[in-house]
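# Overview (structure and organization)
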Amino acid sequence: MTRAAQPHVAAEDGAVRLAAPVPADAALVTRGLTVSYGEKPAVFSVDATFPGRAMSAIIGPNGAGKSTLLKAALGVIPRLSGDVFVFGQPLEQARHRIAYVPQRASVDWDFPTTVMDVVQMGLYRQAGLLGRLSGAMAEKARDCLRRVGMADFGHRQIGQLSGGQQQRVFLARALAQDADLYLLDEPFAGVDAATERAIVDVLKLLKADGKAVIAVHHDLSTVRGYFDHVFLINVRRIAEGPVASAFTTENLRATYGGRLAATHLDQLAVVAEGA
Ligand SMILES: Nc1ncnc2c1ncn2[C@@H]1O[C@H](COP(=O)(O)OP(=O)(O)OP(=O)(O)O)[C@@H](O)[C@H]1O
Ligand SMILES: [Mg+2]
């Protein structure tokens, strides 16, 4: 039996418990995941189950641990405790199946590199670290740029693009990786309606192709239109499940608590109308 199929023992608040089983068809599973940058955990004892062949949203207020959850799921920051499984396998065996689009504000755009260079970074694993990128690889990079509507920008410096154009390029880089699980941190932040539509269309095509997409998402009014599944977090897991049952006003209030802003209240009205 693989480790992924076996419930394991995890520690929470000093207590020992049996973790929930790990469904083999889930795209991403965390069990007892705790991540801390200092004394206070940013993500605490989180059990999350994101389905395969679906689009999932991670929702929560600023500082709730959404980006931290994604980074821990990628293995780019260490876990204090807990386990991560990707398509039923321990993360360490399945990292190559994940592509990641980081939160825009977290990337330094001043480095002198072209759009094509950025997209081809997604191809290094396939090319071999010391291997040369072949003509076929360059063609593949161009194809990924076409898919995000950026075919004409290959030679532009990445720093000379608008924010929405940069976002499309980083999505193209993720596409070049031929991953099975796509993790995106606020892909729609600061982009206009046309770019948002273009990105949603690409993500829906990935899903139609059998891939899993998980995106940190702030706009509560579009959750029902874009996503199948939601995960609500505020350091701890608040709720998760299909949008129809888990994306409720009650769960959102529990997630945002006293920090529910007026804009969120407007969006909650939209949620309530849709319910
Ligand atoms: N590198 C770091 N060093 C120390 N603390 C950090 C670091 N990165 C994040 N934090 C802290 O961890 C907590 C969770 O941060 P995280 O970036 O995961 O939140 P988030 O939910 O993605 O928020 P946002 O909606 O603002 O992007 C915050 O309190 C943040 O200040
Ligand atoms: Mg974040």
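Residues numbered from 1 in each chain as written. Chains lettered and ligands numbered in written order. Predicted model: local features only at pLDDT ≥ 70, side-chain atom pairs only at ≥ 80, totals over all residues. Heavy atoms only, no water.

## Section: helix H7 (residues 193–208)
Stated formally: A run of H or I in DSSP counts as a helix once it spans at least four residues, and a run of E counts as a strand once it spans at least two, with each numbered from the N terminus. By definition here, a helix of n residues has an expected span of 1.5 Å times n minus one. For every residue, the accessible area (1.4 Å probe, protein chains only) is compared with the maximum for its type, and the residue is labelled buried under 20%, exposed over 50%, or partly exposed between those bounds. Regarding the arc, it is the one traced by the directions from the helix axis to the C-beta atoms. As used in this structure description, the phrase polar contact means that two N or O atoms lie within 3.5 Å; if the pair is within protein, one of them must be able to donate a hydrogen and the other to accept it, and residues adjacent in sequence are counted only when both atoms belong to side chains.
Between the first and last C-alpha of H7 there are 22 Å, a value that for 16 residues agrees with the 22 Å anticipated at 1.5 Å per step. Residues of H7 that are buried include every one of Thr195, Glu196, Ile199, Val200, Val202, Leu203 and Leu206, and no others. Buried residues in H7, looked at end-on, bunch into an arc of 160°, giving them a common side. The exposed residues of H7 that point more than 90 degrees off its buried face are Ala193, Leu205 and Ala208. Among the residues of H7, the N-terminal cap falls to Asp192, whose side-chain oxygen and the backbone nitrogen of Ala194 are separated by 3.2 Å. Just beyond H7, the residue with positive phi is Gly210, at close to 90°.

## Let's talk about the site of ligand 1
Rules: Residues are counted as near a molecule or strand when any one of their heavy atoms sits within 4 Å of it. Computed with the Shrake-Rupley method and a 1.4 Å probe, the accessible areas treat only the protein chains shown as cover for residues.
Surrounding ligand 1, one finds 13 residues, the nearest of these being Asn62, Gly63, Lys66, Ser67 and Thr68. Within the backbone of Ala64, one N or O atom sits 3.1 Å away from an oxygen atom of ligand 1. In this structure, Lys66 approaches ligand 1 through a side-chain N or O atom, which is 2.7 Å from an oxygen atom. In the complex, 57% of the free accessible area of ligand 1, which totals 630 Å², lies under the protein chains. The dominant element in the shell around ligand 1, judged by the number of residues it contributes, is helix H1 (residues 66–74), at three residues.

## Here's the deal with the sheet that holds strand E6 (residues 81–86)
What counts, and what does not: Only when DSSP finds a minimum of two bridges between them are two strands counted as paired. We call two residues contacting when some pair of their heavy atoms lies within 4.5 Å. Each axis is a line fitted through C-alpha atoms, and for a helix only the stretch in contact is used; angles between axes span 0 to 180 degrees, taken between their N-to-C directions.
Taking strand neighbours across the sheet as the criterion, the four strands line up as E4-E3-E6-E7 in an open arrangement whose pairing is antiparallel. This sheet does not close on itself; its edge strands, each paired only once, are strand E4 (41–51) and strand E7 (89–90). Sheet strands touched by H1: strand E3 (26–36), E4 and E6. Its angle to E3, the strand with the most contacts, is close to 110°.

## Overview of the sheet that holds strand E5 (residues 55–59)
Strand order across the open sheet formed by six strands is E8-E9-E10-E5-E11-E12, with mixed pairing between neighbours. Every interior strand has two partners, whereas the edge strands, strand E8 (98–101) and strand E12 (236–242), have only one. Taking each pair of neighbouring strands and ignoring which way they run, the sheet shows an average axis angle of 15°. Direction of pairing for E5 relative to strand E10 (residues 212–216): parallel, over a ladder of four bridges.

## A closer look at the coordination of the magnesium ion (ligand 2)
Defined as follows: In this analysis a donor is any N, O or S atom within 2.8 Å of a metal ion (3.2 Å for sodium, potassium and calcium), and since water is not included, sites may seem incomplete.
On the protein side, the magnesium ion (ligand 2) has Ser67 (OG) and Gln103 (OE1) as donor atoms, found 2.0 to 2.3 Å from it. Taken together, the residues span a long stretch of sequence, with Ser67 in helix H1 and Gln103 in the loop between E8 and helix H3 (115–121) at a distance of 36 residues.

## A few points about the packing of aromatic side chains
Note the threshold: Between rings of Phe, Tyr and Trp, where Trp is taken as its six-membered ring, a pair exists when centres lie within 6.5 Å; planes separated by under 30 degrees are stacked, by over 60 edge-to-face, and by other angles tilted.
Tallied over the full model, the rule gives three aromatic pairs. Aromatic pair Phe50 and Phe231: ring centres 5.4 Å apart, planes at 50°, arrangement tilted. Pair noted here: Phe50 is in strand E4 and Phe231 is in strand E11 (residues 229–234), with a separation of 181 residues, a long-range link. The exposure class assigned to Phe50 is buried, which follows from its relative accessible area of 1%. Residue class for Phe231 comes out buried when judged on its relative accessible area of 0%. Members of the aromatic cluster, each reached through a chain of ring pairs, are Phe188, Tyr226 and Phe227.

## What to know about the confidence of the model for the protein chain
Here is the rule we go by: Confidence scores per residue from the predictor, reported as pLDDT, run from 0 to 100.
Summarising the model, the protein chain shows a mean pLDDT of 87, and 83% of its residues fall at 70 or more. Within the model, the stretch residues 1–7 combines pLDDT values under 50 with ten contacts to residues more than four positions away or in other chains.

## Thoughts on the pattern of salt bridges
Filter applied, for reference: Definition used for salt bridges: Asp or Glu carboxyl oxygen within 4 Å of a side-chain nitrogen of Lys or Arg.
Throughout the structure, instances matching the rule amount to ten salt bridges. For Asp180, the salt bridge identified is with Arg97, shortest N-O distance 2.8 Å. Taken as a pair, Asp180 in the loop between helix H6 (163–176) and strand E9 (181–185) and Arg97 in the loop between helix H2 (91–94) and E8 lie far apart in primary sequence, 83 residues in all. Given a relative accessible area of 23%, Asp180 falls into the partly exposed group. By relative accessible area, Arg97 is classed as partly exposed at 23%. The partner of Asp201 in a salt bridge is Arg197, and the shortest N-O contact between them spans 3.3 Å. Of the two residues, Asp201 and Arg197 both sit in helix H7, four residues apart, roughly one turn of that helix. Since its relative accessible area comes to 37%, Asp201 is described here as partly exposed. Through salt bridges that share partners, Glu139, Arg142, Asp143 and Arg146 make up one connected network.

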